[in-house]
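As a plain string of letters, each chain reads:
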Amino acid sequence: SVSAGAFHSLAVTHDGRVLACGRNTHGQLGLGNCRDASTFERVEGIPHFVTSTACGAHHSLMCTASGLVYSAGLGARGRLGLSQDELWARTKTGGGGGRGGGQRPAGVDDQASAPLGLGWAEHVAVWEPVPLDALVGASVAEVAAGFAHSV
């Protein structure tokens, strides 16, 4: 299957791997960085057979044969399917305490955002596919994405 966002595309190979290309401003390609890709590159880090993908403007979703869902890209307003606390947990890894005092791990970006209460949640970007724990056990069969939302 193939899916297209505003500026990026995802393709699923016959053996369940994901390939990505296009603009990668917020890590929506899931390649672990924010480099644009002019040719398709393999998305690593999904240990399951992927059956479908969906692209929003700045985020991506991947659904596996076992019903798990992974997401990557801009996390504003829940479009990745992660709660504010889950986004914060991915940005604050210790030290400093309070208002964004922690260090961000590789693969997480806070582009153009200031700490808001608990952290950078409005503009945090996740550069590698992360599983959506809230959907474990739901046996999701397909995913869809709009410009700034996910289903």
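Above: the structure in question.
Let me sum up the structure you'll find in this document. Quantities reported herein were computed from a predicted structural model and do not represent experimental measurements.

1. Points about the overall build of the protein
- Each helix and strand counted, the protein has 1 helix and 9 strands in total.
- If you list the helices and strands of the protein from N to C, you get β-β-β-β-β-β-β-α-β-β.
- Counting across all 151 residues of the protein, residues that qualify as buried make up 48%.
- Within the protein, residue pairs in contact and separated by at least 24 positions form 51% of the contacts whose partners lie at least 6 positions apart.
- Carbon and sulfur atoms make up 55% of the accessible area of the protein, which amounts to about 7,200 Å² in all.

2. Notes on the side chain of Asn-24
- Along the chain, Asn-24 falls in the loop between β3 (18–22) and β4 (37–43).
- Look at Asn-24 and you get buried, because its relative accessible area is 0%.
- With residues near it in sequence (within four places) discarded, Asn-24 still touches Leu-29, Gly-30, Asn-33, Cys-34, Arg-35 and Asp-36.

3. A look at the pattern of salt bridges
- This structure, assessed with the given rule, holds 1 salt bridge.
- Between Arg-17 and Asp-15 there is a salt bridge whose closest N-O contact spans 3.1 Å.
- We classify Asp-15 as partly exposed; its relative accessible area is 33%.

4. A closer look at the pairing of strand β2 (residues 8–12)
- In terms of burial, β2 is a largely internal element, 5 of the 5 residues being buried.
- Of the two faces of β2, both are covered, the one formed by His-8, Leu-10 and Val-12 as well as the one formed by Ser-9 and Ala-11.
- Pairing analysis gives 3 bridges linking strand β1 (residues 2–4) to β2, with the strands arranged antiparallel. Within the sheet, the bridge partner assigned to Ala-4 lies in β2 and is Ser-9.
- The loop that links β1 with its antiparallel partner β2 comprises 3 residues.
- In terms of strand pairing, β2 meets β3 through 5 bridges, oriented antiparallel. Bridge assignment links Leu-10 to a residue of β3, and that residue is Ala-20.
- As consecutive antiparallel partners, β2 and β3 are separated by 5 residues, and within that stretch Gly-16 has a phi angle of approximately 80°, a positive value.

5. Remarks on the pairing of β3
- The element β3 is extensively covered by neighbouring structure, given that 4 of its 5 residues are classed as buried.
- Here β3 pairs with β4 via 4 bridges, running antiparallel. Residue pairing across strands places Gly-22 opposite Ala-37, the latter belonging to β4.

6. Structural notes on the packing of aromatic side chains
- Overall, the coordinates contain 0 aromatic pairs when judged by the stated rule.
- For the cation-ring pair, Arg-23 lies above Phe-7, with the distance from its terminal atom to the ring centre recorded as 4.2 Å.

7. A short note on the sheet that holds β4
- The 4 strands are arranged β1-β2-β3-β4 in an open sheet whose pairing can be described as antiparallel. The open sheet has two edge strands with one neighbour each: β1 and β4. Each strand of the sheet is rotated relative to its neighbour by a mean of 15°, with strand direction disregarded.

What counts and how
- Residues numbered from 1 in each chain as written.
- Predicted model: local features only at pLDDT ≥ 70, side-chain atom pairs only at ≥ 80, totals over all residues.
- Heavy atoms only, no water.
- Helix = DSSP H or I, 4+ residues; strand = E, 2+ residues; numbered from the N terminus.
- Buried < 20%, exposed > 50% of the residue type's maximum accessible area, 1.4 Å probe, protein only.
- Contact = heavy atoms within 4.5 Å.
- Areas by Shrake-Rupley, 256 points an atom, 1.4 Å probe, with all protein chains shown as cover.
- Salt bridge = Lys/Arg side-chain N within 4 Å of Asp/Glu carboxyl O.
- Pairing = 2+ DSSP bridges.
- Phe/Tyr/Trp six-rings, centres within 6.5 Å; stacked < 30°, edge-to-face > 60°.
- Lys NZ or Arg CZ within 6 Å of the ring centre and 35° of its normal.
- Axes fitted to C-alpha atoms, helices over the stretch in contact; angles between N-to-C directions.

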